[in-house]
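Structural features, examined
Each chain, written out:
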Amino acid sequence: MRAEIEALAADIRKSQALLKRHLNWDEALRRLDELNAASEDPNLWNDGDKAQKLMRERTQLDSQISTCRRLETEMADLIELIEMAEAEGDADVAADAEAQLRALKALAAQMELETLLSGEADSNDCYVEINAGAGGTESQDWAQMLLRMYMRWAEKKGFKVEYLEESAGEAAGIKSGTIRVSGHNAYGWLKTEAGVHRLVRISPYDSQARRHTSFSSVWVYPEVDDTIDIQINEGDCRIDTYRASGAGGQHINKTDSAVRITHIPTGIAVACQTERSQHQNRARAWDMLRSRMYEAELQKREAAAQALEDTKTDIGWGHQIRSYVLQPYQMVKDLRTNVETSDSQGVLDGDLDQFMAASLAARIKGHEE
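Parameters and conventions
Residues numbered from 1 in each chain as written. Predicted model: local features only at pLDDT ≥ 70, side-chain atom pairs only at ≥ 80, totals over all residues. Heavy atoms only, no water. Pairing = 2+ DSSP bridges. Helix = DSSP H or I, 4+ residues; strand = E, 2+ residues; numbered from the N terminus. Contact = heavy atoms within 4.5 Å. Axes fitted to C-alpha atoms, helices over the stretch in contact; angles between N-to-C directions. Salt bridge = Lys/Arg side-chain N within 4 Å of Asp/Glu carboxyl O. Core = buried A, V, L, I, M, F, W, Y, C linked by side-chain atoms within 4.5 Å. Buried < 20%, exposed > 50% of the residue type's maximum accessible area, 1.4 Å probe, protein only. Domains from an automatic or database assignment. pLDDT = per-residue confidence, 0-100. Phe/Tyr/Trp six-rings, centres within 6.5 Å; stacked < 30°, edge-to-face > 60°. Lys NZ or Arg CZ within 6 Å of the ring centre and 35° of its normal. Parallel < 35°, antiparallel > 145°, perpendicular 65-115°, else oblique. Left-handed = near helix turned anticlockwise from the far one by under 90°. Nonpolar A, V, L, I, M, F, W, Y, C, P; charged D, E, K, R; others polar. Expected span 1.5 Å × (residues − 1). Arc of directions from axis to C-beta.

Some remarks on the sheet that holds strand β3 (residues 174–182)
Strand order in the open sheet made by the eight strands is β2-β3-β1-β5-β4-β9-β10-β11, with mixed pairing throughout. On the outer flanks of this sheet lie β2 (160–168) and β11 (340–341), each paired with one strand and no other. Packed onto the sheet, helix α5 (residues 137–157) meets β1 (126–132), β2, β3, β4 (195–202), β5 (211–222) and β9 (320–325) and runs at close to 45 degrees relative to β5.

Description of the pattern of salt bridges
For the structure on display, the rule yields 24 salt bridges. A salt bridge links Asp-349 to Arg-152; the shortest N-O distance between them is 3.6 Å. Placement of Asp-349 in the loop between α8 (344–348) and α9 (353–368) and of Arg-152 in helix α5 is noted, with a sequence separation of 197 residues between them. Between Glu-162 and Arg-284 there is a salt bridge, with its nearest N and O atoms 3.6 Å apart. Taken together, the residues Glu-162 in strand β2 and Arg-284 in helix α7 (residues 278–305) connect sequence positions 122 residues apart. A single network of salt bridges, built from pairs that share partners, joins Glu-27, Arg-30, Arg-31, Glu-34 and Glu-57.

Details of the nonpolar core
Counting 57 residues, the largest nonpolar core has Val-128, Tyr-150, Val-181, Leu-190, Leu-289 and Tyr-324 as its most contacted members. The dominant element in this core, judged by the number of residues it contributes, is α5, at nine residues. Each of two domains, domain 2 (126–223 + 319–366) and domain 3 (234–307), supplies a minimum of three residues to this core. Among all residues touching Val-128, those that are not within four sequence positions of it are Tyr-150, Gly-177, Thr-178, Ile-179, Val-181, Leu-190, Val-218, Trp-219 and Val-220.

What about the confidence of the model for the chain?
As a general rule, the predicted coordinates of low-pLDDT regions are not to be interpreted in detail. When pLDDT is averaged across the chain, the result is 84; 88% of the residues are at 70 or more. Note that residues 248–254 has pLDDT below 50 and, in this model, 17 contacts with residues that lie over four places away or in other chains. Predicted confidence is poor over residues 305–317, with pLDDT under 50, and the contacts of this stretch with residues over four places away or in other chains come to 26 contacts.

Thoughts on the sheet that holds strand β7 (residues 258–263)
Spatially, the three strands line up as an open sheet ordered β6-β7-β8, and their pairing is antiparallel. Strands with a single pairing partner mark the edges of an open sheet, and in this sheet they are β6 (237–242) and β8 (268–272). Sheet twist, expressed as the average angle between the axes of neighbouring strands with direction ignored, equals 15 degrees. As paired elements, β6 and β7 share six bridges and run antiparallel to each other. By the bridge assignment for β7, Ile-239 is matched with Ile-261.

Some remarks on the packing of aromatic side chains
Within the structure shown, the criterion is met by three aromatic pairs. Centroid distance Trp-142 to Tyr-324: 4.9 Å. Interplanar angle 70 degrees. Geometry classified as edge-to-face. Within this pair, whereas Trp-142 is found in helix α5, its partner Tyr-324 is found in strand β9, the two being separated by 182 residues in sequence. The residues Trp-142 and Tyr-324 share a single accessibility class, namely buried. Arranged with centres 5.6 Å apart and planes meeting at 75 degrees, the rings of Trp-153 and Phe-159 form a pair that is edge-to-face. Both residues of the pair, Trp-153 and Phe-159, count as buried. Positioned over the ring face of Tyr-242 is Arg-260, at 4.5 Å from the centre of the ring. Over the aromatic face of Tyr-221 sits the side chain of Arg-292, whose NZ or CZ is 5.2 Å from the ring centroid.

Regarding the packing of helix α1 (residues 3–23) against helix α4 (residues 91–114)
Closest axis-to-axis distance for the α1/α4 pair is 9 Å, and the angle between their directions is 25 degrees. Compared by their axis directions, α1 and α4 come out roughly parallel. The handedness of the crossing between α1 and α4 comes out as left-handed. Judged by residue contacts, Glu-4, Ile-5, Leu-8, Asp-11, Ile-12, Ser-15, Leu-18 and Leu-19 of α1 engage Glu-98, Leu-101, Arg-102, Leu-104, Lys-105, Ala-108, Ala-109, Met-111 and Glu-112 from α4. Taken together, the residues that form the contact of α1 with α4 break down as 10 nonpolar, one polar and six charged.

A look at unusual backbone geometry
Residues Gln-327 and Pro-328 are joined by a peptide bond in cis, for which omega reads 5 degrees. Residue placement: Pro-328 occurs in the loop between β9 and β10 (331–334). The residue Asn-24 is not glycine, and still its phi comes out positive at about 55 degrees. Position of Asn-24 among the secondary structure elements: in the loop between α1 and α2 (25–39).

Remarks on α1
Here α1 spans 30 Å end to end across 21 residues, near enough to the 30 Å set by a 1.5 Å rise per residue. When α1 is considered as a whole, its buried residues turn out to be Ile-5, Leu-8, Ala-9, Ile-12, Ser-15, Gln-16, Leu-19 and Leu-23. Burial along α1 is one-sided: seen end-on, the buried residues are contained in an arc of 125 degrees. Facing away from the buried side of α1, by more than 90 degrees, are the exposed residues Ala-3, Lys-14 and Arg-21. Residues of α1 that are buried sit in contact with α2, α3 (48–88) and α4. Once α1 finishes, Asn-24 follows within two positions and takes phi at roughly 55 degrees, a positive value.

Encoded structure:
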């Protein structure tokens, strides 16, 4: 067997071994049997929330175990097919099997990366909040571009996206916007995007076609489920209602039902305007506030453990994490990991995985050190 094929097989075996270790293989098999048995209990759906949680865990675990087994069986089959094709001189079959083996390696690498998403809330849905920086129309347009970028990324992942709040810019773009991203490991991936994003381009709003630099901030926080208890004293909160406005079109309900809740001791504020009634917006805003408070608690824990000492400033206003340069050349560079690409349009269309993966790996390394 050629050295190149052996190297591909070795990489797949390595990823599979890491995945098995992460799953605690024997325990994972036992747990899946337990979940399968529980799913056949006719009384399971007497408690809908508990049933849904159990079925989600079962689906996720079954997928991980099936992928592990698939890596092993398909790799063995493809290697055998390559050896047979080369022995018979069938170059086309050998080339096709090798291409499939490379695709299998990519899947194995993706699954290996997924093992890094083991934080307390990594598997949760999340909220992405974007705020334009100083600079008026330029920054507001950039904020809307960022919102579109994350929506495109989520769509490519097969995640569900909901508009929750949007404040229209004075001439174009948005002053702020919040979306909810639903999907397995949504927070685990998107948490790496928190920070200030810098854009350099020839301004479409400048009659003299000068280069402008714009800043917008991204804040990401996990949705809190029923297993996480966050206590908020309503007396510490101010609730404001106002007329919804924004560039969201059908996404945003233009009525007097919008709700903003401010937690006075911390200054944390959330807003929701997408629901049809003030009551619904108020309920959603309380959920968002609990999530923000939980994210703040996670940050406290990390700071106390000094696990992310080098990345604390990454999420602070004024500390940019990534530059998007569109003029005089094309380049997007992450300033934390030095990962860069000249495909700036691809990035703005949602091709963010390479940045997220590098940043996630760097954060995990920070924990280990």
